[in-house]
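Chain by chain, the residues:
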Amino acid sequence: MDPIKYFTFSMIISILGIRGILLNRRNIPIMSMSIESMLLAVNSNFLVFSVSSDDMMGQSFASLVPTVAAAESAIGLAIFVITFRVRGTIAVEFINSIQG
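The rules behind these values
- Residues numbered from 1 in each chain as written.
- Predicted model: local features only at pLDDT ≥ 70, side-chain atom pairs only at ≥ 80, totals over all residues.
- Heavy atoms only, no water.
- Helix = DSSP H or I, 4+ residues; strand = E, 2+ residues; numbered from the N terminus.
- Buried < 20%, exposed > 50% of the residue type's maximum accessible area, 1.4 Å probe, protein only.
- Axes fitted to C-alpha atoms, helices over the stretch in contact; angles between N-to-C directions.
- Parallel < 35°, antiparallel > 145°, perpendicular 65-115°, else oblique.
- Contact = heavy atoms within 4.5 Å.
- Nonpolar A, V, L, I, M, F, W, Y, C, P; charged D, E, K, R; others polar.
- Left-handed = near helix turned anticlockwise from the far one by under 90°.
- UniProt positions renumbered as here; feature names shortened; annotations may be inferred.
- 1 Å grid on protein atoms, 1.4 Å probe; cavity = no way out; pocket = protein on both sides within 12 Å on 5 of 7 lines; lining within 4 Å.
- Points joined across faces, edges and corners; volume = space filled by probe spheres on them.

Right, let's talk about the environment of Met 11 for a bit. Its location among the elements puts Met 11 in helix α1 (residues 3–23). The exposure class assigned to Met 11 is partly exposed, which follows from its relative accessible area of 48%.

Relative to each other, helix α2 (residues 28–53) and helix α3 (residues 57–87) sit at 175 degrees, their axes nearing to 8 Å. As judged from the angle between their axes, α2 and α3 are roughly antiparallel. Note on element contacts: α3 touches α2 through Gly 58, Gln 59, Phe 61, Ala 62, Val 65, Pro 66, Ala 69, Glu 72, Ser 73 and Phe 80, opposite Ile 28, Ser 32, Ile 35, Glu 36, Leu 39, Asn 43, Phe 46, Leu 47, Ser 50 and Val 51. For the contact of α2 with α3, the per-class residue count stands at twelve nonpolar, six polar and two charged.

As a packed pair, α1 and α2 sit with axes 8 Å apart at the nearest point and diverge in direction by 165 degrees. Judged by the angle between their axes, α1 and α2 are roughly antiparallel. For the pair α1 and α2, the sense of crossing is left-handed. On α2, the residues that touch Pro 3, Tyr 6, Phe 7, Ser 10, Ile 13, Ser 14, Gly 17, Ile 18, Gly 20 and Ile 21 of α1 are Met 31, Ser 34, Ile 35, Ser 37, Met 38, Leu 40, Ala 41, Ser 44, Asn 45, Val 48 and Phe 49. Residue composition of the contact of α1 with α2, grouped by class: 13 nonpolar, eight polar and no charged.

UniProt records the feature "transmembrane region" (unreviewed entry) at residues 6–23, 35–52 and 64–84, using the numbering of this structure. Overall, residues 6–23 shows 100% helix and 0% strand. The separation of its end C-alpha atoms is 26 Å. End C-alpha atoms of residues 64–84 are separated by 31 Å, and the span's content is 100% helix alongside 0% strand.

Next up on the list: the layout of surface pockets. Of the volumes computed, that of the largest pocket is approximately 190 Å³. Contributing to the lining of the largest pocket are Ile 28, Met 31, Ser 32, Met 33, Ile 35, Glu 36, Glu 72, Ser 73, Gly 76, Leu 77 and Phe 80. Among the elements of the structure, α2 and α3 are those that each provide at least two residues to the lining of the largest pocket. Broken down by element, the lining of the largest pocket gets its largest block of residues, six residues, from α2. Of the residues belonging to the lining of the largest pocket, the class tally is six nonpolar, three polar and two charged.

This is the structure we're talking about:
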């Protein structure tokens, strides 16, 4: 197994996620998808390190990452729905005026 190919793949996904956050600051769903792609890159790094070092710890961490990602997506979607109901838009410019 050549881990360099997998690390390159993970690096490309991570760079695309960072690019998605930096270039799409107005579109919240695209920002959350970019965060999810960065979590995918971290997850693939955990798996590659685990297989290359014959250790099960990376695979156990890799099984926890989708759980955290699902919780993050659920909370983010709830915030989007509440913001849209109150403000009528989910534009990032108006998010900073939320008080709670």
